[in-house]
Amino acid sequence: MGLKAGLVGLPNVGKSTLFNALTKSSVPAENYPFCTVDPHVAITNVPDERLDKLAQIFNSKKKIYTTAQFVDIAGLVKGAAKGEGLGNQFLGHIMEVNLILHVLRCFESPDPLDDFEIICSELMLKDLESVTKREEKLATTLKTAKNRGLSTREIKQFEAEQELINEVKGALEEGNMDLVFSIVKQAKENSVTTIPILSGKNYLVIANLSEDDFSQKRYENNEHYQALIKKFGENRVIPVSAKIEAELAQLEENSSEEDSKEIMQELGIEESGLSNIIKKSYVNLNLITFFTCGPKEAHAWSIVKDTNAQRAAGTIHSDLERGFICSEVYNCSDIFELGSENNVKNSGRLRTEGKEYIVQDGDIIHVRFNV
């Protein structure tokens, strides 16, 4: 599973400006089939200093970063659920992402929380329409399943989905998105599946700030930013200045990365918007990174936290998962401390692990397999 995030927001909140800045390092589309279908989709490398260090240690000829996919979803207008503006296209694109990034303008605008409520209302209205249709179809399906004498297991699956649909519909009718989110999360944990619920998707909030407020962290006193923190919590809100990010991206393209870093220091910016957004997105989606390293290439891979070694091997290639025997493992912190793989081996920190070993963030893995 990789990061596929959709940027959503009302018109003129800086969403497209931020999208263009974030994806300045887009990987050439020809390396990733199907990514040219929509011009508002971009794949960008996930910055990772650990991979840079590992490539140096192993003298790797190539570095392959794990990637994130960003979708600049068409600006939403009130009435999108009824097809107003680009409503249907907008809502269809949201179904395909695994994380929604709500871009809210925190300067020269009405209360950003009002903007957020407009977006959420449209998502819930569309969900209510979809859930009602599914409820009707599911009642017929369940009746047919019982008449045809399908297995108890299959009937229980339909009944579990029916219960889920009823709960979600009730929460949608109340206009309670927090409850919808909670119900959908619990259903996933219990392996109960149904149609995509837009208002039940994971989300983060991007507070788009003015240049002046973002510099030297003055946004900490911005009333709109503080309102977002109070509503969503600090872990879910990401302060960004789309205009600064765009200027830094242009500077890197036309000048150098060093010049960009110098400007960041002058403005008191400790971390780029892309890095901060990806970092919080990974935490939100429970994603971690492991590595495979050698003289040919140093490669980063994204997986969901608590994935075992055999399934992680499948991320590299299906044959490795199918013929998995064991994996040789140590953490990148070990090689950073000891300087070489030989030193790691001599220190006894390299371990042989079976298929049920839970891969940890920063692990370096060599898979032994036989197909």
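Report on the accompanying structure. (Residues numbered from 1 in each chain as written. Predicted model: local features only at pLDDT ≥ 70, side-chain atom pairs only at ≥ 80, totals over all residues. Heavy atoms only, no water.)

### Some remarks on the nonpolar core
Burial of nonpolar side chains together is a common tendency in soluble globular proteins.
Then step 1. Ranked by size, the top nonpolar core spans 70 residues in total, and within it Leu3, Phe70, Leu101 and Leu228 carry the most contacts.
Then step 2. When residues in this core are grouped by element, the largest group, eight residues, is from helix 4 (residues 112–147).
Then step 3. Setting aside chain neighbours within four positions, we find Leu101 in contact with Ala5, Gly6, Leu7, Val8, Phe70, Leu204, Ile206, Ile277 and Ser281.
Then step 4. One finds Ile303, Leu320, Val329 and Tyr357 within the second-largest nonpolar core, a separate group that totals 14 residues. (Core = buried A, V, L, I, M, F, W, Y, C linked by side-chain atoms within 4.5 Å. Buried < 20%, exposed > 50% of the residue type's maximum accessible area, 1.4 Å probe, protein only. Helix = DSSP H or I, 4+ residues; strand = E, 2+ residues; numbered from the N terminus. Contact = heavy atoms within 4.5 Å.)

### Side note on the packing of helix 5 (residues 152–174) against helix 6 (residues 177–189)
Then step 1. As a packed pair, helix 5 and helix 6 sit with axes 9 Å apart at the nearest point and diverge in direction by 165 degrees. With respect to helix 6, the axis of helix 5 lies roughly antiparallel. As for how helix 5 packs across helix 6, the hand of that crossing is left-handed. For the pair formed by helix 5 and helix 6, the contact residues are Leu164, Glu167, Val168, Ala171, Leu172 and Glu174 on the first element and Leu179, Val180, Ile183 and Ala187 on the second.
Then step 2. Looking at side-chain class alone, the contact of helix 5 with helix 6 contains eight nonpolar, no polar and two charged residues. (Axes fitted to C-alpha atoms, helices over the stretch in contact; angles between N-to-C directions. Parallel < 35°, antiparallel > 145°, perpendicular 65-115°, else oblique. Left-handed = near helix turned anticlockwise from the far one by under 90°. Nonpolar A, V, L, I, M, F, W, Y, C, P; charged D, E, K, R; others polar.)

### Concerning a negative patch on the surface
Then step 1. A cluster of like negative charges, contributed by Asp111, Asp114, Glu117 and Glu223, occupies part of the molecular surface.
Then step 2. Tracing the sequence through the fold places Glu223 in helix 8 (residues 223–232). (Patch = residues over 30% accessible without salt bridge, like charges linked within 9 Å, V, L, I, M, F, W, Y side chains within 5 Å. Areas by Shrake-Rupley, 256 points an atom, 1.4 Å probe, with all protein chains shown as cover. Salt bridge = Lys/Arg side-chain N within 4 Å of Asp/Glu carboxyl O. Lys, Arg positive; Asp, Glu negative; His and termini not counted. Charge placed at Lys NZ, Arg CZ, Asp CG, Glu CD.)

### Focus on the sheet that holds strand 6 (residues 203–208)
Sheet strands pair by backbone hydrogen bonding; their relative direction is either parallel or antiparallel.
Then step 1. With mixed pairing, the six strands of this open sheet are ordered in space as 2-4-1-5-6-7. Every interior strand has two partners, whereas the edge strands, strand 2 (41–45) and strand 7 (237–240), have only one. Adjacent strand axes in the sheet meet at a mean angle of 25 degrees, parallel and antiparallel pairs treated alike.
Then step 2. For strand 1 (residues 3–8) and strand 4 (residues 67–72), the ladder comprises five bridges, and the chain directions are parallel. Of the residues in strand 4, the one forming a bridge with Leu7 is Asp72. (Pairing = 2+ DSSP bridges.)

### Here's the deal with the pairing of strand 8 (residues 287–293)
Then step 1. With six of seven residues buried, strand 8 lies mostly within the body of the structure.
Then step 2. As paired strands, strand 8 and strand 9 (residues 297–304) are joined by seven bridges and run antiparallel to one another. Along strand 9, the bridge assignment pairs Phe290 with Trp301.
Then step 3. Joining the antiparallel neighbours strand 8 and strand 9 is a turn of three residues.

### Quick notes on the environment of Phe336
Then step 1. As for its placement among the helices and strands, Phe336 is situated in helix 14 (residues 332–338).
Then step 2. Residues Phe336 and Thr194, spaced 142 residues apart in sequence, show a C-alpha to C-alpha distance of 45 Å.
Then step 3. For Phe336, the residues in contact, after removing those within four places along its chain, are Arg50, Lys53, Leu54 and Ile57.

### Overview of helix 9 (residues 242–254)
Then step 1. Its 13 residues place the ends of helix 9 18 Å apart at the C-alpha level, agreeing with the 18 Å of an ideal helix rising 1.5 Å per residue.
Then step 2. Ala242, Ile244, Glu245, Leu248 and Ala249 are the residues of helix 9 that are buried. Projected down its long axis, helix 9 shows its buried positions confined to an angular sector of 160 degrees, all on one face.
Then step 3. As for helix 9, its buried residues are in contact with helix 1 (15–22), strand 6, helix 7 (211–214), strand 7, helix 10 (257–267) and helix 11 (273–284). (Expected span 1.5 Å × (residues − 1). Arc of directions from axis to C-beta.)

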